[in-house]
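Working through the structure, step by step
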Amino acid sequence: MLKKLFRQEWKSFSFAPMIAMIVLAVVTLILMSSFMTSFWEQDNIFVNLFASLTFLAYAFALAALSFCVTLCTAIRFYKNFFTDEGYLMFTLPVKTSDLLLSKIFVAALWKLVSVAAITISVLVIATVGFSYLSDTSVIRFFEEFFDLFALAIEEMRDALAIPVSMFFLWLILLGICSLFYNILFIYACICLGQLWNKHKIGGAIVAYFGLRFVLRMFRQILSIPLSNFYSSYYDFDNISTGTWLFGMFISLLIMGGLCVGLYWICSYIMSRKLNLD
């Protein structure tokens, strides 16, 4: 059933982000194509105006894709569960956890897709733009890039007390936790807003700032013992392997715990405190 819910949610969710992604692709192609011509070598007011408008449109397209995914994440969750559609959703012969997980997984996947699209677009523009400005071939650009990347890996290997592969694995796991945390934070705020008898959207906004403040204070309180633990290490190179592993484990534990806590808030309110008035 979770697979069917995921497939249906993916179809319903994808329209607006797909439009935003197409707009980003078109603007990227226009900007990339302009770099490959002699257009930018002309010095007149129309070229300068076109350049300003193009780069403005490109920046807007980048921001629009990310914002669109976040907006769809919030709107679809609220509309499907806490409006008239909720009467239908919660009468389906499925678990509340399946309904919630389908929303989380689709939102997370689209967030990854949007990040990948933005990254590819920026890399393409940066590569073509650098080749145009420096009069260097694309192949030479990538050769210099990979040489610089290899040098950075060597510097990290000398600085870190743990294998570089383990460090990147930690970054990936932390990024995954952060991805789910951001989605669950939005869902938890919407769920908390539904506890209000009236002005539920206003309640969700109040919950956003209130929960954000509480979680920030919680992180700061947890950071105090960690700061004391690391206070004896003034030299970055002297941090031991055990200290590195401890810090990495604690950071993952905190992020994972926050995700579990936010998921519990959503699940509890949707199962025990549902208010569809």
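What comes next concerns the included structure. (Residues numbered from 1 in each chain as written. Predicted model: local features only at pLDDT ≥ 70, side-chain atom pairs only at ≥ 80, totals over all residues. Heavy atoms only, no water.)

Assigned secondary structure in the protein chain consists of 9 helices and 0 strands. For the protein chain, the succession of helices and strands along the chain, N to C, is α-α-α-α-α-α-α-α-α. Per-residue burial over the protein chain gives 35% buried out of 277 residues. Of the contacts made within the protein chain by residues no fewer than 6 positions apart, 77% connect residues no fewer than 24 positions apart. Carbon and sulfur atoms form 72% of the exposed surface of the protein chain, whose accessible area is close to 16800 Å². (Helix = DSSP H or I, 4+ residues; strand = E, 2+ residues; numbered from the N terminus. Buried < 20%, exposed > 50% of the residue type's maximum accessible area, 1.4 Å probe, protein only. Contact = heavy atoms within 4.5 Å. Areas by Shrake-Rupley, 256 points an atom, 1.4 Å probe, with all protein chains shown as cover.)

What follows is about the layout of surface pockets. Regions of empty space are outlined by a rolling probe, equal in size to a water molecule, passed over the atoms. Taken as a whole, the largest pocket encloses approximately 370 Å³ of empty space. Forming the boundary of the largest pocket are 15 residues, of which Ala74, Ile186, Ile190, Ala204 and Ile205 lie nearest the centre. Those elements giving two or more residues to the lining of the largest pocket turn out to be α3 (45-82), α7 (164-193) and α8 (200-230). Considering only residue class, the lining of the largest pocket consists of 12 nonpolar, 2 polar and 1 charged. (1 Å grid on protein atoms, 1.4 Å probe; cavity = no way out; pocket = protein on both sides within 12 Å on 5 of 7 lines; lining within 4 Å. Points joined across faces, edges and corners; volume = space filled by probe spheres on them. Nonpolar A, V, L, I, M, F, W, Y, C, P; charged D, E, K, R; others polar.)

Following the sequence through the fold, Asn80 ends up in helix α3. Among all residues touching Asn80, those that are not within four sequence positions of it are Glu9, Glu85, Gly86, Met89 and Lys103.

Let us now look at the packing of helix α1 (residues 2-13) against helix α2 (residues 15-35). At a minimum axis separation of 5 Å, α1 and α2 run at an interaxial angle of 50°. It follows that α1 is oblique to α2 by the angle criterion. Seen from α1, the contacting residues are Lys11, Ser12 and Phe13; seen from α2, they are Phe15, Ala16 and Pro17. Residues of the contact of α1 with α2, tallied by class, amount to 4 nonpolar, 1 polar and 1 charged. (Axes fitted to C-alpha atoms, helices over the stretch in contact; angles between N-to-C directions. Parallel < 35°, antiparallel > 145°, perpendicular 65-115°, else oblique.)

Another aspect to go through is the pattern of salt bridges. Evaluation of the coordinates by the stated rule reveals 2 salt bridges. Among the salt bridges present, the one from Arg76 reaches Glu9, with a minimum N-O distance of 3.0 Å. Of this pair, Arg76 sits in helix α3 while Glu9 sits in helix α1, placing them 67 residues apart in sequence. Comparing Arg76 with Glu9 shows no difference in burial state: the two are buried. Put simply, Glu9 and Lys103 hold a salt bridge, and the shortest N to O gap is 2.8 Å. Here Glu9, found in helix α1, pairs with Lys103, found in helix α5 (residues 96-134); they are 94 residues apart in sequence, far enough to count as distant. Classification of Lys103 by relative accessible area gives buried; the value is 2%. Each of Glu9, Arg76 and Lys103 takes part in a single network of salt bridges with overlapping partners. (Salt bridge = Lys/Arg side-chain N within 4 Å of Asp/Glu carboxyl O.)

With that settled, the discussion passes to the nonpolar core. Ranked by internal contacts, the top residues of the largest apolar core, which has 36 residues, are Phe77, Tyr181, Tyr187 and Leu262. Among the elements that take part in this core, α7 stands out by supplying 14 residues, more than any other. In contact with Tyr187, not counting residues within four places along its chain, are Thr73, Phe77, Leu100, Lys103, Ile104, Ala107 and Cys266. In terms of nonpolar packing, the next biggest core, distinct from the first, is built from 21 residues, Met32, Tyr58, Cys68 and Val69 among them. (Core = buried A, V, L, I, M, F, W, Y, C linked by side-chain atoms within 4.5 Å.)

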